[in-house]
Amino acid sequence: MRHTGGGRGHLLRLRHAVGAAAEAHGCRIAACATPPLRHGHPVAVTDQARYRAMLTQAPQLVAEQLVNGMHVHVGVPSRDTGVQILNRIRVWLPTLTALSANSPLWDSHDSGFASWRTVIFSRWPVSGMPPHFADIADRDRRCSNCWTAA
């Protein structure tokens, strides 16, 4: 069963509104996961324990984290099932990354990469290909120091 919660319609309306506003100023919008132009402003951090911890533990990574993306959350019946799904989807992650590449620019230059977002995000210790886990206990044991939602 698929639940979008009306998100698709809201996103479409928002994109049309932003596109119309840009056009009124002689501009066009582009879906891009990194800013084509960076400004020296500090990166805003969501005021939640998880993000405050990240800022304390890795301030430079946070300062340079100027990437974004759309995330799809999928419900699974149990954490054990989630681990098994992750184990099976691992082989598809490079393909999904290639299909979603939309960040060639960085600091007003062509980065030479289709997905500079992937390069920037790869510096985080929780990024990249997850290891194969035997079960949820294995995952919990090996990820005990990972940042988690508070």
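The rules behind each value
- Residues numbered from 1 in each chain as written.
- Predicted model: local features only at pLDDT ≥ 70, side-chain atom pairs only at ≥ 80, totals over all residues.
- Heavy atoms only, no water.
- Helix = DSSP H or I, 4+ residues; strand = E, 2+ residues; numbered from the N terminus.
- Buried < 20%, exposed > 50% of the residue type's maximum accessible area, 1.4 Å probe, protein only.
- Contact = heavy atoms within 4.5 Å.
- Areas by Shrake-Rupley, 256 points an atom, 1.4 Å probe, with all protein chains shown as cover.
- Lys, Arg positive; Asp, Glu negative; His and termini not counted.
- Charge placed at Lys NZ, Arg CZ, Asp CG, Glu CD.
- Salt bridge = Lys/Arg side-chain N within 4 Å of Asp/Glu carboxyl O.
- Phe/Tyr/Trp six-rings, centres within 6.5 Å; stacked < 30°, edge-to-face > 60°.
- Polar contact = N/O pair within 3.5 Å; in protein donor to acceptor, adjacent residues only side chain to side chain.
- Expected span 1.5 Å × (residues − 1).
- Patch = residues over 30% accessible without salt bridge, like charges linked within 9 Å, V, L, I, M, F, W, Y side chains within 5 Å.

(A) Expanded view of the overall build of the protein chain. A count of helical and extended segments in the protein chain gives 7 helices and 2 strands. Taken from N to C terminus, the helices and strands of the protein chain fall in the order α-α-α-α-α-β-β-α-α. On the principal axes, the C-alpha backbone points of the protein chain span a range of 55 × 40 × 35 Å. Every one of the 150 residues in the protein chain was classed for burial, and the buried ones make up 16%. Long-range contacts, defined as pairs at least 24 residues apart, comprise 62% of the intrachain contacts of the protein chain with a sequence gap of at least 6. Carbon and sulfur atoms make up 60% of the accessible area of the protein chain, which amounts to about 11500 Å² in all. Here the protein chain holds 16 positive side-chain charges and 9 negative ones, and the gap between their average locations is 5 Å.

(B) View of the pattern of salt bridges. Taken as a whole, this structure holds 6 salt bridges when the rule is applied. The residue D138 makes a salt bridge to R141 at a minimum N-O spacing of 3.4 Å. Here D138 pairs with R141, and both are found in helix α7 (residues 136–142), just 3 residues apart, close to one helical turn. Take D138: its relative accessible area is 9%, and that puts it in the buried class.

(C) Structural view of the packing of aromatic side chains. Applying the stated criterion across every chain yields a total of 1 aromatic pair. Relative to W116, the ring of F113 has its centre 5.2 Å away and its plane inclined at 55°; by these criteria the two rings are tilted. Classification of F113 by relative accessible area gives partly exposed; the value is 42%.

(D) Quick peek at the side chain of S115. Among the secondary structure elements, S115 is positioned in the loop between β2 (109–110) and α6 (116–121). Of the residues examined, S115 reaches a relative accessible area of 15% and is grouped as buried. A polar atom in the side chain of S115 sits 2.5 Å from the side chain of T118. Discounting chain neighbours no more than four positions away, the residues touching S115 are A101 and S103.

(E) Representation of helix α1 (residues 7–24) in the model. In a regular helix each residue adds 1.5 Å, so 18 residues correspond to 26 Å; α1 covers 26 Å between its end C-alpha atoms and thus fits that length. Looking one or two places after α1, you find G26, whose phi comes out positive at around 75°.

(F) Geometry of a nonpolar patch on the surface. Taken together, the side chains of L11, L14, V18, I29, M70, V72, V74, V76 and I85 present a nonpolar region at the surface, about 840 Å² in accessible area. Of all the elements, α1 adds the most residues to the nonpolar patch, at 3 residues. As for its placement among the helices and strands, M70 is situated in the loop between α3 (59–63) and α4 (79–89).

Any functional reading would require information that these geometric values do not contain.
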